[in-house]
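Residue-level structure breakdown
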Amino acid sequence: MPTGSADSIPVPNPPQPRGRLDDSLQYLKGVGPQGAQALAKLGLNTVGDLLHHYPRRWEDRTRFARAADVRPGDWSTVSGAVIAVTTKYPKGPRLAITEALLDDDGDAIRLVWFNQPYLEKTLKAISLGGKRVVAYGQVRRSGWSVEIQSPEWEELGQDGDALSANRIVPIYPLTEGIRQGRMRRMIDSALRTCADLIEEPLPAAILARHGLAGASRAIRDIQFPDSDDALKAARRRIVFEEFFLLQVLLALRRRANSVDARGIPFNVDLSRLFSELAEIVPFTLTGAQQRA
């Protein structure tokens, strides 16, 4: 049996502290009070809210489009190093055009933003730091080159980001003060602390009959899918649940409306009513009209 000092024995990482789905987001790791205020603009106030903040789309960043292969009209995700940044004012201060040249292993594509001159400083810092950028948008022809105007973009570290590269990456609806990378880290933190606490609203028989994933598994895979099949299964489960719960709600409303509720009784003086009606009409009522 090998021997060694106590310092050489690997110590497992301590487990994440368990939270609750109704915990305020300000107490979630990586959020804090300011982050919670920003998330509240999206209607996200609790850890449970954040777990149900679904991506608006997903990018397969295991296969980036090569800058040399993109064609005008394509919606593409490209990655590379920023090698040049400029801001021009062709119509004076009313219009600022910031351009960044993205180098993809010898091939280049231009990224263009309008009236965001502050990006020049940010992109130059990324360039000097030797970091890479991921950009997504529709490719356009510009003279002899191609460009993406107003792309979605984010910075990647030199070694990439486990949540933002080399995988199917979620792209979320955002608000001011929260960028994609931070949103992913916050949702990952919420999954690690509270995903097992998600309750299953669907009966087991329904899950089995339709071959649906469990609630916790579906939330994990809608946020950070390991494959296209896992993403499809998660989306199918979540859409099914929404329609199922809607049908249950409609059935409960129909049941409530079908209950024989007694109305409020009113005492009516019929002779007075008939005399008032007779005074309104300018003719004598027939027998049938009086009976009606």
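For the structure, see preceding data.
Summary of the structure given here.

For the protein, the helix and strand inventory stands at nine helices and nine strands. Residues classed as buried in the protein amount to 34% of the 292 residues present. A total accessible area of about 19,000 Å² is found for the protein, and carbon and sulfur atoms account for 53% of it.

Turning our eyes to something else, we now look at the layout of surface pockets. Approximately 590 Å³ is the volume attributed to the largest pocket. Lining of the largest pocket is provided by 32 residues; of these, Trp153, Glu154, Leu174, Arg179 and Gln180 occupy positions nearest its centre. Those elements that place two or more of their residues in the lining of the largest pocket are strand S1 (57-60), helix H3 (119-128), strand S6 (132-142), strand S8 (152-156) and helix H4 (180-194).

Here the focus is the nonpolar core. In terms of nonpolar packing, the biggest core is built from 24 residues, with Leu25, Leu39, Leu50, Leu51 and Met183 touching the most fellow members. Counting residues per element, the ones that place at least two in this core are helix H1 (32-40), helix H2 (47-51), H4 and helix H6 (215-223). Beyond its immediate chain neighbours, meaning those up to four positions away, Leu39 contacts Leu25, Val31, Leu44, Ile178, Met183 and Met186. Among the nonpolar cores identified, the runner-up in size contains 19 residues, and Leu111, Leu119, Ile126 and Ala135 belong to it.

For the structure on display, the rule yields 20 salt bridges. Across the pair Arg237 and Glu200 runs a salt bridge whose closest N-O atoms are separated by 2.9 Å. Of this pair, Arg237 sits in helix H7 (residues 228-258) while Glu200 sits in the loop between H4 and helix H5 (204-210), and the two are 37 residues apart along the sequence. A relative accessible area of 0% means that Arg237 is categorised as buried. Measuring nitrogen to oxygen at the nearest pair gives 2.6 Å for the salt bridge that ties Glu241 to Arg237.

Along the chain, Glu147 turns up in strand S7 (residues 145-149). Accessibility expressed as a relative area gives 8% for Glu147, which makes it buried. Polar contacts involving the side chain of Glu147 include one to the side chain of Ser142, which spans 3.4 Å. When neighbours within four sequence positions are excluded, Glu147 is seen to be in contact with Ile109, Arg110, Val112, Gln138, Val139, Arg140 and Ser142.

What follows covers the packing of H6 against H7. Direction vectors running N to C along H6 and H7 enclose 125°, while the axes themselves pass 8 Å from each other. As far as their axial angle goes, H7 and H6 are oblique. Taken as a pair, H6 and H7 cross one another with a handedness that is left-handed. Of H7, the residues touching H6 (which contributes Ala215, Ala218, Asp221 and Ile222) are Ala230, Leu231, Ala234, Arg235, Arg237 and Ile238.

All right, on to a nonpolar patch on the surface then. Together, Ile264, Phe266, Val268, Leu270, Leu273 and Phe274 make up a nonpolar patch on the protein surface, roughly 670 Å² of accessible area in all. Relative to the helices and strands, Leu270 is located in helix H8 (residues 270-280). Judged by relative accessible area, Leu270 falls into the partly exposed class, the value being 48%.

Cut-offs applied
- Residues numbered from 1 in each chain as written.
- Predicted model: local features only at pLDDT ≥ 70, side-chain atom pairs only at ≥ 80, totals over all residues.
- Heavy atoms only, no water.
- Helix = DSSP H or I, 4+ residues; strand = E, 2+ residues; numbered from the N terminus.
- Buried < 20%, exposed > 50% of the residue type's maximum accessible area, 1.4 Å probe, protein only.
- Areas by Shrake-Rupley, 256 points an atom, 1.4 Å probe, with all protein chains shown as cover.
- 1 Å grid on protein atoms, 1.4 Å probe; cavity = no way out; pocket = protein on both sides within 12 Å on 5 of 7 lines; lining within 4 Å.
- Points joined across faces, edges and corners; volume = space filled by probe spheres on them.
- Core = buried A, V, L, I, M, F, W, Y, C linked by side-chain atoms within 4.5 Å.
- Contact = heavy atoms within 4.5 Å.
- Salt bridge = Lys/Arg side-chain N within 4 Å of Asp/Glu carboxyl O.
- Polar contact = N/O pair within 3.5 Å; in protein donor to acceptor, adjacent residues only side chain to side chain.
- Axes fitted to C-alpha atoms, helices over the stretch in contact; angles between N-to-C directions.
- Parallel < 35°, antiparallel > 145°, perpendicular 65-115°, else oblique.
- Left-handed = near helix turned anticlockwise from the far one by under 90°.
- Patch = residues over 30% accessible without salt bridge, like charges linked within 9 Å, V, L, I, M, F, W, Y side chains within 5 Å.

The values reported here are purely geometric and, on their own, carry no functional implication.
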